[in-house]
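Reading the structure
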Amino acid sequence: MKLKKNIAVSDSGFIFDPNSGDSFSMNPVGTEIVNLLKQEKDSDKIHDAMTKKYDVPPDEFNKYYLDFIQTLKQFNLMENDD
Amino acid sequence: MNKLKVTIAVTGLNNTDNPGPGVPVIRSLRESEAFDLRIIGLAYETLEPGIYMHNIVDKVYQVPYPSEGSGDLIKRLKYIQEREKIDVLIPNFDAELYTFMKSSARLHEMGIKTFLPTITQLEERHKSELPAFGKKYGVNVPKSKPVLKHSDIGKIRDDFEFPVMVKGKFYDAYYAFNEEQIHMHFNKISAKWGLPVIIQEFIKGTEVNVVALGDGKGNTIGAVPMRKQYITDKGKAWGGITLDNKEMLDLTHKIIGSTNWRGGMELELIKTSKNELYVIEINPRIPAWVYLAVSAGQNIPEALVKLALGEEVKPFDKYQIGRMFVRYSYDLMVDLKDFEKLSTTGEL
Amino acid sequence: MEKQPFERPFIKKLHSGMPGKFGMKMDFDPITEIDGINVKDLIGEYGSPVFILSEKTIRKTLNTAKRAFTTRYPKVRFSWSYKTNYLDAVCNIYHQEGSWAEVVSGFEYDKALSNGVDGKYIIFNGPDKSAEYLEKAIQKNSLIHIDHFDEMYMLNELSDKLNKKPKVAIRVNMDTGIYPKWDRFGFNYENGEAWDAINRIMIGKKLDLVGLHTHIGTFLLAANPYKIAAGKLADLAVNIENKYNHNIKYIDMGGGFASRNTLKGAFLPGTDTVPDFDDYAEAITSGLINSQIKPDNLPLLILETGRALIDDAGYLLGTVLANKRLADGRRSTILDIGINLLFTSFWYEHIITPAQPFSHHTEETAIYGPLCMNIDVLRENVDFPLLKKNDHVVIKRIGAYNMTQWLQFITLRPRIVLIDEKGKSHLIRKNETLEVFKSLEKTPEYLNNFKL
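**Here we look at the confidence of the model for chain C**
All names here are of chain C. Of all residues in chain C, 94% attain a pLDDT of 70 or more, and the chain-wide mean is 90. Ignoring residues within four places in sequence, the model shows residues 17-27, a span with pLDDT below 50, making 43 contacts including any to other chains. We note a pTM of 0.67 for the whole complex and an ipTM of 0.89 for its interfaces.

Here you go:
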């Protein structure tokens, strides 16, 4: 599960997808997750990092995380799973 | 001469093929000898071209749509005012005027001045009120009838001959040559602009316009008549020329004088083959073609700002006749970073 | 290190359409919770559709209204309009806040009594008051607002019969410059009928004229007519004092204040065009204070506003049943909420908001209810995001009239839930069941059997 390589993410949470020409904006938590994905961190690492930093129960984070990843997939920002 | 330092906020930066007056208004102000200007653009959409014209606007903020309510707008303007110290605000869309008028006292408290028509002036010149307006002020207007539902459309048969004009409350106007077409336009217009939709008698003749400015005491500060030489499929002037026409000016003086009109105005008139003038619409703001008047010698936006600041303004007494404009479109190159910044922060 | 507060990750596609001249952009945030309770959980617990009322909003709105009037006028009393929403729990919130009861039928009268309202704090309005209920109201010292002469004669007779002087007011209708003019209730001011009624009461001496009442219209988008109305009632009060040396105790200005809903066909939202409580209060109180009534005799001001007090507190939660494409290519979304539950959709452009985050792609959509009936339309044409089957929606500002005018048509009526000020939910009306309806019906014996 990887973010598409050529996706540019700015600090402000702006994403430009050069494939489609679409642009997106994210909130800070979303931006952080996408940056971790960009560093090719796996889901477990992302979970650890986020639940350590933020006040959120792991199960609840997981729910939102999966939903977020699903949205990234819908927006065609993820590489297809092998 | 010492130039007066002023910060002016302007809406309507959508300089597209259906242009808003914002960019021409700013262009006019930029030519004023009187002001040392800072221009704040207020934009509703991220692709309004004026946003990216850095020689036109000094700074841009996104603002919420008027249909979202004045509460949100005021909140946003407070935020902007803390940073910008706006002296005068010039709204340029018909659809936002009511919201700005309603908020004008609160704007004034924040130190933002406006120079707008009163709510009564705004209301009585509505397209649906045009027959009453014509009667009250003794001017020719086309027969028109507000329509609130489909079943009313059949009832107009006795009063109107085809073609008729089908118009939205704020914008849009279409010809209809039969009842079926009225129904079609009714759907389209009502979905976009709400009700009523106005059915208006089609008056044959030449479309002529006047840009004018009233001081709110019955005086006409400026007025320049023009004929549209080329009209786009959206009904907008693509070329125009200033006219020497006393009847048009007299009519303008009469309307401004009898209504005590305050602020900018565009009169849309039809001149029939019998040389009669019919008032088709009164737009309660400066039109997009205002720069023609400026180049002909009447800087109406500048005068409006002076009036808003409470200065005495002497009426213009002449303008250059035969001054002409042709509109053109231009592909402005935009830095993606600008688009990103506006999209994520709402400011540029 | 202390952990930072968490916000769910969120990404949205930037919508960069051509700048138009203002589309009807809808409210682009979902309503995911009401007073701290998740919409999904509410539907999970109470089913869909379900009505939700916010106690916090009810009390807050009433207090805003009260403040608008009490800061301008010395004696003010609100009286809860039962017909707007007569759920016991709702009425009792208003009674706890000091509101009297305003009823327009025997049923509502009994409901107020059963809620524990002392008869002397019940205002009995409307054209339908039976002899039985008038007698009851007289015995309990209620304030009876006379609608027509036949009622006045009946009250005279009852006064003799019971040997008791009923406390009455007359309802006055008048021209306040608004259209339509309401002239079917009460006695007309301009043609002298109201003054005539007053004289008959005063000369007859069988009734105790304690008040004057008017109710000039409904959903009034201008405040000034109230000023005219208050002035006219004040003139009557002054005439009564001059002629009979009698001071009426109260002036009841009725209701009719608009809520912030947007009427069909309006471009600007009701939130902008509707006068607020301060506007109405300014109009009414200045009408009274600037009248010829002597400052020491200023009557109690009673307000019966219903809609503007409770509309904002009500939500209707529902679920998408299906999406389909209409023959003309338009999209339609079918909800489990129809006009049977949302009677006010005949005149409001109700704001229907998704209860979960949604994509910013919108499409022109017709929103239909579930009834097998062509007029079951909530919105003819609205820019609406693409919802999926089983997605939830929230319709806000529906607290007035829908829970009283709803129809038991085709399907049963759902639960009503109140969220208290601490954010806890309470079932305040059960859903109807087949048994409820069967229990009211009687089938003659010979119709019990059939063979198909």
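**Quick look at the packing of helix 2 (residues 55-70) of chain C against helix 3 (residues 88-96) of chain C**
Residue and element names in this part refer to chain C. Running from N to C, helix 2 and helix 3 cross one another at 40°; their axes reach a closest spacing of 10 Å. One element, helix 2, and the other, helix 3, form an angle in the oblique class. The way helix 2 lies across helix 3 gives a crossing that is right-handed. Side by side, helix 2 and helix 3 meet where Glu 55, Ile 58, Arg 59 and Leu 62 of the first sit next to Ile 93, Tyr 94 and Gln 96 of the second. Class assignment of the residues belonging to the contact of helix 2 with helix 3 gives a composition of four nonpolar, one polar and two charged.

**With respect to the pattern of salt bridges**
What the rule picks out here adds up to 35 salt bridges over all chains. Across the pair Asp159(B) and Lys145(B) runs a salt bridge whose closest N-O atoms are separated by 3.4 Å. Taken together, the residues span a long stretch of sequence, with Asp159(B) in the loop between helix 7 (150-153) and strand 6 (164-167) and Lys145(B) in strand 5 (residues 144-147) at a distance of 14 residues. Residue classification places Asp159(B) among the partly exposed residues on the basis of a relative accessible area of 33%. In this structure Lys145(B) comes out as partly exposed when scored by relative accessible area, which is 32%. Of the charged contacts, one joins Lys161(C) and Glu135(C) as a salt bridge, the two residues approaching to 2.9 Å between their closest N and O atoms.

**Here we look at the nonpolar core**
Judged by nonpolar contacts, the single largest core of 105 residues is most densely connected at Phe69(C), Ile170(C), Leu212(C) and Met253(C). Take this core: its biggest share by element is nine residues, from helix 8 (residues 224-244) of chain C. The residues that make up this core include at least three from each of domain 1 (33-52 + 312-432) and domain 2 (55-310) of chain C. In terms of nonpolar packing, the next biggest core, distinct from the first, is built from 70 residues, Ala43(B), Ile256(B), Ala303(B) and Leu304(B) among them.

**Points about the sheet that holds strand 3 (residues 23-26) of chain A**
Judged by pairing direction, the sheet is antiparallel, and its four strands sit side by side in the order 1(A)-2(A)-3(A)-2(C) without closing on themselves. Edge positions in the sheet fall to strand 1 (8-9) of chain A together with strand 2 (11-13) of chain C, since each of these pairs with one other strand and no more. Two elements, strand 2 (residues 14-16) of chain A and strand 3 of chain A, share three bridges in a ladder whose sense is antiparallel. Bridge assignment links Ile15(A) to a residue of strand 3 of chain A, and that residue is Phe24(A).

**Examining the packing of aromatic side chains**
A full pass over the atoms with the stated rule returns 26 aromatic pairs over all chains. Between Tyr175(B) and Phe202(B) the ring centres are 5.5 Å apart and the planes differ by 70°, which places this aromatic pair in the edge-to-face class. Remark: Phe202(B) occurs in the loop between strand 8 (197-201) and strand 9 (206-215) and Tyr175(B) occurs in strand 7 (residues 173-176); sequence separation between them is 27 residues. On the numbers, 4.8 Å between centres and 65° between planes, the contact of Phe149(C) with Phe187(C) is edge-to-face. Highlighted residues: Phe149(C) in helix 6 (residues 149-162) and Phe187(C) in strand 11 (residues 187-188), separated in sequence by 38 residues. Like Phe149(C), the residue Phe187(C) is buried in the burial classification. A cation over a ring is seen here: Lys143(B) above Phe160(B), with NZ or CZ 5.6 Å from the ring centre. One residue, Arg200(C), lies across the ring of Phe149(C), its end atom 4.3 Å from the ring centre.

**A look at the side chain of Asn85(C)**
Residues and elements named next belong to chain C. Along the chain, Asn 85 falls in the loop between strand 6 (76-81) and helix 3. Residue Asn 85 is classed as buried on the basis of its relative accessible area of 0%. One polar contact links the side chain of Asn 85 to the main-chain amide nitrogen of Leu 87, over a distance of 3.3 Å. Side-chain polar atoms of Asn 85 contact the backbone oxygen of Gly 399, separated by 3.2 Å. Excluding its chain neighbours within four sequence positions, the residues that come into contact with Asn 85 are Leu 53, Trp 80, Val 90, Cys 91, Ile 310, Gly 399, Met 403 and Thr 404.

**Quick word on the layout of surface pockets**
Empty space among the atoms becomes apparent when a probe as large as a water molecule is rolled across them. Residues and elements named next belong to chain B. Within this model, the second largest pocket holds a volume of roughly 1100 Å³. Around the second largest pocket, the lining is made up of 33 residues, and of these Asn 15, Val 23, Met 53, Tyr 328 and Tyr 330 lie nearest the centre. Mapped onto the lining of the second largest pocket, the elements with two or more residues apiece are helix 1 (22-30), helix 10 (290-295) and strand 14 (324-326). Element by element, the count of residues in the lining of the second largest pocket is highest for helix 10, at four residues. Two domains each put at least three residues into the lining of the second largest pocket: domain 1 (4-115 + 331-345) and domain 3 (204-326).

**What to know about the side chain of His95(C)**
Residue and element names in this part refer to chain C. Along the chain, His 95 falls in helix 3. We classify His 95 as buried; its relative accessible area is 18%. Within the structure, His 95 has its side chain in polar contact with the side chain of Tyr 82 (distance 2.8 Å). Beyond its immediate chain neighbours, meaning those up to four positions away, His 95 contacts Tyr 82, Trp 100, Ala 101 and Val 117.

**Points about the sheet that holds strand 14 of chain B**
Residue and element names in this part refer to chain B. With respect to topology, six strands assemble into an open sheet ordered 13-12-9-10-11-14, the strand pairing being antiparallel. Both edges of this open sheet fall to strand 13 (277-283) and strand 14, since each of them pairs with a single strand only. Averaged over all pairs of adjacent strands, the angle between strand axes in this sheet comes to 25°, irrespective of strand direction. The pairing of strand 12 (residues 262-271) with strand 13 spans six bridges and is antiparallel. Bridge pairing links Glu 266 to Asn 283 in strand 13.

Definitions and cut-offs
- Residues numbered from 1 in each chain as written.
- Chains lettered and ligands numbered in written order.
- Predicted model: local features only at pLDDT ≥ 70, side-chain atom pairs only at ≥ 80, totals over all residues.
- Heavy atoms only, no water.
- pLDDT = per-residue confidence, 0-100.
- Contact = heavy atoms within 4.5 Å.
- Axes fitted to C-alpha atoms, helices over the stretch in contact; angles between N-to-C directions.
- Helix = DSSP H or I, 4+ residues; strand = E, 2+ residues; numbered from the N terminus.
- Parallel < 35°, antiparallel > 145°, perpendicular 65-115°, else oblique.
- Left-handed = near helix turned anticlockwise from the far one by under 90°.
- Nonpolar A, V, L, I, M, F, W, Y, C, P; charged D, E, K, R; others polar.
- Salt bridge = Lys/Arg side-chain N within 4 Å of Asp/Glu carboxyl O.
- Buried < 20%, exposed > 50% of the residue type's maximum accessible area, 1.4 Å probe, protein only.
- Core = buried A, V, L, I, M, F, W, Y, C linked by side-chain atoms within 4.5 Å.
- Domains from an automatic or database assignment.
- Pairing = 2+ DSSP bridges.
- Phe/Tyr/Trp six-rings, centres within 6.5 Å; stacked < 30°, edge-to-face > 60°.
- Lys NZ or Arg CZ within 6 Å of the ring centre and 35° of its normal.
- Polar contact = N/O pair within 3.5 Å; in protein donor to acceptor, adjacent residues only side chain to side chain.
- 1 Å grid on protein atoms, 1.4 Å probe; cavity = no way out; pocket = protein on both sides within 12 Å on 5 of 7 lines; lining within 4 Å.
- Points joined across faces, edges and corners; volume = space filled by probe spheres on them.

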